[in-house]
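Architecture and fold: a report
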Amino acid sequence: MIATLQCTVIDCPDPAALAAFYGEILGWRVDDSDPEWATLTAEDGRKLAFQLAPDHQPPRWPDPAHPQQIHLDFDVETRADAERAQRELIELGATFLHDSGGERSGFRVFNDPAGHPFCICYGQMEPS
C-alpha cells in the first residue's frame, strides 16, 4: 500500500449548499466554515468534500459529450425505500432522471443541485 484515501472531493459552484444536500442524505456532520471548501464527516471518520469551482459545467447524464465525471451510489433496502428516498431527495433539490424499473433490485438516477448524477440503489445491499 502506498497511501490511504483521505476523502473524495467533488467540484461544484456552492460547496456549502451541496455539502448540506448530501449531509441530509447521509446524516453526516457538515463543516462549511470555508466558503471555498466544505466537508462532510461521518461518525466513523469517513469524509466527503466539496470544492468551489466557479466555472463548473455539470455533466448531462447519459450524454457522452458531457460525461458524469464522478457519481455516488447510495444503498437502500427495497424499492419502497427507493420511492420514499425519491420523494425526500426531490424536496432537498435533487432532480429525478431515470428508474431502472427493477421490481426486486435496481436503481434510480438523480442529479444533485449542482448537476452531478447519483444513484439510489435498492435490493443490492450485502446482508449484515
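Residues numbered from 1 in each chain as written. Predicted model: local features only at pLDDT ≥ 70, side-chain atom pairs only at ≥ 80, totals over all residues. Heavy atoms only, no water.

As annotated in an unreviewed UniProt entry, the protein chain is Catechol 2,3-dioxygenase-like lactoylglutathione lyase family enzyme from Streptomyces iranensis.

1. What to know about helix α2 (residues 79–92)
Taking 1.5 Å per residue as the helical rise, α2 with its 14 residues ought to reach 20 Å, and the 20 Å between its terminal C-alpha atoms agrees with that figure. Within the span of α2, buried status applies to Arg-79, Ala-82, Ala-85, Gln-86 and Leu-89. Down the axis of α2, the smallest arc covering the buried residues is 110°, so these residues share one side. Across from the buried face of α2, at angles greater than 90 degrees, the exposed residues are Arg-87 and Glu-91. In the core, the buried residues of α2 are packed alongside α1 (15–26), β5 (72–76), β6 (95–99), β7 (106–111) and β8 (117–122). Positive phi appears at Gly-93, one or two residues downstream of α2, with a value of about 115°. (Helix = DSSP H or I, 4+ residues; strand = E, 2+ residues; numbered from the N terminus. Expected span 1.5 Å × (residues − 1). Buried < 20%, exposed > 50% of the residue type's maximum accessible area, 1.4 Å probe, protein only. Arc of directions from axis to C-beta. Contact = heavy atoms within 4.5 Å.)

2. So, unusual backbone geometry
Omega for the peptide link from Trp-61 to Pro-62 comes to 0°, which places this bond in the cis form. Looking at the element boundaries, Pro-62 is found in the loop between β4 (47–52) and β5.

3. Details of the UniProt feature "domain: VOC" (unreviewed entry) in the protein chain
Sequence positions flagged by UniProt for "domain: VOC" (unreviewed entry) are, in local numbering, residues 4–123. For residues 4–123, the end-to-end C-alpha separation is 30 Å, with 22% helix and 37% strand making up the annotated structure. (UniProt positions renumbered as here; feature names shortened; annotations may be inferred.)

4. Regarding the sheet that holds strand β3 (residues 37–41)
Sheet architecture is open: 4 strands sit in the order β1-β4-β3-β2, paired in mixed fashion. Every interior strand has two partners, whereas the edge strands, β1 (8–12) and β2 (29–34), have only one. On average, each strand axis in the sheet is inclined to that of its neighbour by 20°, with strand direction left out of account. The pairing of β1 with β4 spans 5 bridges and is classified as parallel. Residue pairing in the sheet places Cys-12 in a bridge with Leu-52 of β4. (Pairing = 2+ DSSP bridges. Axes fitted to C-alpha atoms, helices over the stretch in contact; angles between N-to-C directions.)

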